[in-house]
Structure formats: structure tokens, C-alpha cells
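Architecture at a glance
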Amino acid sequence: MTDAPLILTLDMDPASFQRFDTERRRFFPPERNVLAAHLTLFHALPGAEEPGIVRHLSTLAARTDALPFTVPGLRSLGRGVAYEVDCDGLLVLRCGLAAEWKHWLTPQDAQGFRPHVTVQNKVSPDEARNLLEALRAGFQPFEGLGTGLRLWRYRGGPWEAVGAFPFAARAA
């Protein structure tokens, strides 16, 4: 156990992950891209609480069906671009976790949750705006599936895997 913060992300079906990750590798500045594509639910849970968090996520995932999501469009991040993700089930799941963990949440994690997958960040506003326009020009909404949760430890560099928590059932 360590005091290094924990990050919680959503796992997704292979085709969705591949699409997002390919674009992240293509558009993210290579010297800053130390992670695969991901959808973050919480950015900094307390590392000292890891055993209880792991137990809770194991129980939650075992009773959670896969979460169908849609990707309706793109969002400007000012210095980057992200795909918006719509998923009512994910909002409910995250809201429940946020309520349970409210005394641990940082201001970033306590604010509103707008699910997204970042494919570009830390570039000039002009470069981000150009990519956003280019991606929007050919964009067609698509669907995917949230397949589980993944917990990571952050120590300043690439994230360290702590645990994977697959959802119990696939959605119809």
C-alpha cells in the first residue's frame, strides 16, 4: 500500500479502445503521450484507501452489466481535443461512487462529470482548433461498450496498474 493517488478509468470494448488509442497516438504530442487512451472517472483517490477501494470495485463490477455508450461528437479542450461520451449508466455508477467517496474527492473529482476520451492535449490553441475542425468534418456518431473498471496508481509518470474489474454481463 502507498499514499500515491489512485485513478479510476472505464474499460471499453476493443474496437472503441483501438479507435481512440490510434487517434491519441497520432495526435497527442509524442513526448507527452505516456498513456493509452482512457476515460477517467476519478483522478485522485487516496492511495492509503486502496484495499477498501479494491473490495468495493470488485463487488460493484460483479453486479454491473456492461454499459452501452454513444459518442455523439467532439469537444474542444482549449489546448486539445476529446470525444464526448454519453452513457446514462456510467453517470449513475460514477454518481454513486462520488457520493460514497465524497469525503475523499479533490475539487477536480467533486465537480461535474462530463465523460470524454482525450486524443490531443498540450498543444497550441490553433493546433487544437485545426484538429477539432478536421475531425468534425468527417465525424459520424458511433457506439461502444463499457466493459469494466480499471484502477491505477499515479507516481508522476506512466500509470501503474493496480487492478481490473470486469463487469459481470454484456449488455444486449
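Model, not experiment: these values are computed from the prediction. All chains use their own residue numbering, which begins from 1 and follows the written sequence. Since the coordinates come from a predicted model, pLDDT governs what is reported: local features require at least 70, and pairs of side-chain atoms require 80 or more to be given and counted, while whole-chain, interface and lining totals use all residues. Excluding hydrogens and water, the side-chain values take into account all heavy atoms of the structure.

1. Looking at helix α2 (residues 50-62)
- For the purposes of this entry, the term helix denotes a DSSP run of H or I that reaches at least four residues, the term strand denotes a run of E that reaches at least two, and both are numbered from the N terminus. A helix's residues, less one, multiplied by 1.5 Å, set its expected span. Here α2 spans 18 Å end to end across 13 residues, near enough to the 18 Å set by a 1.5 Å rise per residue.
- Burial status follows relative accessibility: with a 1.4 Å probe on protein chains alone, a residue under 20% of its type maximum counts as buried, one over 50% as exposed, and anything between as partly exposed. Those residues of α2 that fall on the buried side of the exposure criterion are Glu50, Ile53, His56, Leu57, Leu60 and Ala61. One face of α2 carries all of its buried residues, which in axial projection span an arc of 130 degrees. In α2, the exposed residues that point more than 90 degrees away from the buried face are Arg55 and Ala62.
- The contact criterion used throughout is that any non-hydrogen atoms of two residues lie within 4.5 Å. Summarising the contacts, the buried residues of α2 are in contact with β1 (6-12), β2 (39-45), α3 (88-100), β7 (142-153) and β8 (160-166). What the arc measures is the spread of directions leading from the helix axis to the C-beta atoms.

2. Points about the pairing of β2
- Counting buried positions over the seven residues of β2 gives five, a clear majority of the element.
- Bridge analysis of β1 against β2 gives four bridges, and the strand direction is antiparallel. Looking across to β2, one finds that leucine 8 is bridged to phenylalanine 42. Should DSSP find at least two bridges between two strands, the strands are taken to pair.

3. Comments concerning unusual backbone geometry
- Backbone geometry places lysine 122, a non-glycine residue, at a positive phi of 65 degrees.
- Along the chain, lysine 122 falls in the loop between β6 (116-120) and α5 (125-137).
- Residue lysine 122 is classed as partly exposed on the basis of its relative accessible area, which comes to 49%.

4. Regarding the side chain of asparagine 33
- Residue position: asparagine 33 is located in the loop between α1 (14-27) and β2.
- At 2.8 Å, the side chain of asparagine 33 forms a polar contact with the side chain of arginine 24.
- Every residue in contact with asparagine 33, bar those within four places of it in the chain, is listed here: Arg24, Arg25 and Phe28. In the analysis that follows, any N or O atom pair within 3.5 Å is treated as a polar contact, provided that within protein one partner can donate a hydrogen and the other can accept it, and provided that, for residues neighboring in sequence, both atoms belong to side chains.

5. Structural notes on the sheet that holds strand β5 (residues 81-84)
- Taken together, three strands build an open sheet; the order of strands is β4-β5-β6 and the sheet is antiparallel. Both edges of this open sheet fall to β4 (74-76) and β6, since each of them pairs with a single strand only. Pairs of neighbouring strands in the sheet enclose a mean axial angle of 35 degrees, with direction left out of account.
- Bridge count for β5 against β6 is four bridges, and the pairing is antiparallel. Angles here are taken between N-to-C directions and fall from 0 to 180 degrees, while the axes themselves are lines fitted to C-alpha atoms, restricted in helices to the stretch in contact.

6. Here we look at the pattern of salt bridges
- Only one rule defines a salt bridge in this text: a Lys or Arg side-chain nitrogen within 4 Å of an Asp or Glu carboxyl oxygen. Applying the stated criterion across every chain, the model contains seven salt bridges.
- The salt bridge partner of arginine 129 is aspartate 126, with a shortest N-O separation of 2.2 Å. In this pair, arginine 129 and aspartate 126 both sit in helix α5, three residues apart, roughly one turn of the helix.
- Classification of aspartate 126 by relative accessible area gives partly exposed; the value is 46%.
- What emerges from the salt-bridge pattern is a single network uniting Glu50, Arg153, Arg155 and Glu160.

7. Observations concerning the nonpolar core
- The biggest cluster of nonpolar side chains holds 41 residues, and the ones touching the most others in it are Leu8, Leu41 and Leu149.
- Excluding residues within four positions of it along the chain, leucine 8 makes contact with Leu39, Thr40, Leu41, Phe42, Leu45, Leu57, Leu97, Trp101, Leu149, Arg150 and Leu151. Put simply, a nonpolar core is a bunch of buried Ala, Val, Leu, Ile, Met, Phe, Trp, Tyr and Cys residues held in one set by side-chain atoms that sit within 4.5 Å of each other.

8. What to know about the environment of alanine 4
- Along the chain, alanine 4 turns up in the segment before β1.
- Separated by 72 residues in the primary sequence, alanine 4 and serine 76 have C-alpha atoms spaced 30 Å apart.
- What alanine 4 contacts, discounting residues up to four positions off in sequence, is Gly47, Arg153, Tyr154 and Arg155.

9. Digging into the packing of aromatic side chains
- Between rings of Phe, Tyr and Trp, where Trp is taken as its six-membered ring, a pair exists when centres lie within 6.5 Å; planes separated by under 30 degrees are stacked, by over 60 edge-to-face, and by other angles tilted. Scanning all chains against the criterion turns up eight aromatic pairs.
- Ring geometry for phenylalanine 20 and tyrosine 83: centres 5.5 Å apart, planes at 55 degrees, overall tilted. With a gap of 63 residues between them, phenylalanine 20 in helix α1 and tyrosine 83 in strand β5 connect regions that are remote in the sequence.
- Residue tyrosine 83 is classed as buried on the basis of its relative accessible area, which comes to 2%.
- Taken together, the ring pairs in this structure connect Phe20, Tyr83, Phe139 and Phe142 into an aromatic cluster.
- Any Lys NZ or Arg CZ found within 6 Å of a ring centre and within 35 degrees of that ring's normal is scored as a charge over the ring. The cationic tip of arginine 24 hangs over the ring face of phenylalanine 28; the distance from NZ or CZ to the ring centre is 4.2 Å.
- A cation over an aromatic ring shows up here: arginine 94 above the ring of phenylalanine 42, its NZ or CZ 4.2 Å from the ring centre.

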